[in-house]
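Results of the structural survey
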Amino acid sequence: MAKQAKQELSFESAITRLEEIIQLTETPQTELEEMISLVEEGNKLIRHCRNILQKAELRIEELNNPNSKPSQQITDNSTADEFTLS
């Protein structure tokens, strides 16, 4: 998935694709190389969704407290809670 396309992908579309990836990884017919590619794509989508949620949280915080600075910064937790095969 290209970086530009990932940025344009909506949260809902990313979740739908993640659900597809989970189904594909649970299928015994999925070959190893495809499985690895799916896990990589899944991890990118998880980071993308997490980024969208963090931005939404900051916006909500700003709406609730318009006179104060947001207490949270958007962080890149690249490896936290990534998709793994188990």
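**Re the pattern of salt bridges**
Inspection of every chain in the model, using the stated rule, returns two salt bridges. For the salt bridge of Glu20 with Arg17, the shortest nitrogen-to-oxygen distance reads 3.1 Å. Taken together, the positions of Glu20 and Arg17, both in helix α2 (residues 11-25) and three residues apart, correspond to about one turn of that helix. With relative accessibility at 23%, the residue Arg17 sits in the partly exposed group. Counted as one network, the salt bridges with shared partners bring together Arg17, Glu20 and Glu41.

**Things to note about the confidence of the model for the chain**
In low-pLDDT segments, the atomic positions of the prediction should not be examined closely. Summing up the model confidence of the chain, the mean pLDDT is 84 and the portion of residues at 70 or higher is 73%. Across the chain, element-level confidence peaks in α2 with a mean pLDDT of 97 and bottoms out in helix α1 (residues 3-8) with 58.

**Side note on the nonpolar core**
Listed in full, the seven residues of the largest apolar core are Ala14, Leu18, Ile21, Leu38, Leu45, Ile46 and Cys49. Sorting the residues of this core by element identifies α2 and α3 (32-64) as the ones contributing at least two each. Per-element accounting of this core gives the leading share, four residues, to α3. Look past the residues within four positions of Leu38 in its chain and what remains in contact with it is Arg17, Ile21, Leu24, Thr25 and Thr30.

**Some words on the packing of α2 against α3**
Packed helix pairs are characterised by how far apart their axes lie and by the angle those axes make with each other. The interhelical angle for the contact between α2 and α3, taken along N-to-C directions, is 155 degrees, at an axis separation of 9 Å. Between α2 and α3, the interaxial angle falls into the category roughly antiparallel. Here α2 and α3 pass one another in a crossing that is left-handed. Seen from α2, the contacting residues are Phe11, Ala14, Ile15, Arg17, Leu18, Ile21, Leu24 and Thr25; seen from α3, they are Met35, Leu38, Glu41, Gly42, Leu45, Ile46, His48, Cys49, Ile52 and Leu53. Its residues placed into classes, the contact of α2 with α3 shows 13 nonpolar, three polar and two charged.

**Remarks on α2**
The end-to-end C-alpha distance of α2 is 21 Å, a good match for the 21 Å that 15 residues give at a rise of 1.5 Å each. Within the span of α2, buried status applies to Ala14, Leu18, Ile21 and Thr25. For α2, the arc enclosing every buried residue in end-on projection is 60 degrees, short of the 170-degree limit, so these residues lie on one face. In α2, the exposed positions that point more than 90 degrees away from the buried face belong to Glu12 and Gln23. Considering only its buried residues, α2 is in contact with α3.

The rules behind each value
- Residues numbered from 1 in each chain as written.
- Predicted model: local features only at pLDDT ≥ 70, side-chain atom pairs only at ≥ 80, totals over all residues.
- Heavy atoms only, no water.
- Salt bridge = Lys/Arg side-chain N within 4 Å of Asp/Glu carboxyl O.
- Helix = DSSP H or I, 4+ residues; strand = E, 2+ residues; numbered from the N terminus.
- Buried < 20%, exposed > 50% of the residue type's maximum accessible area, 1.4 Å probe, protein only.
- pLDDT = per-residue confidence, 0-100.
- Core = buried A, V, L, I, M, F, W, Y, C linked by side-chain atoms within 4.5 Å.
- Contact = heavy atoms within 4.5 Å.
- Axes fitted to C-alpha atoms, helices over the stretch in contact; angles between N-to-C directions.
- Parallel < 35°, antiparallel > 145°, perpendicular 65-115°, else oblique.
- Left-handed = near helix turned anticlockwise from the far one by under 90°.
- Nonpolar A, V, L, I, M, F, W, Y, C, P; charged D, E, K, R; others polar.
- Expected span 1.5 Å × (residues − 1).
- Arc of directions from axis to C-beta.

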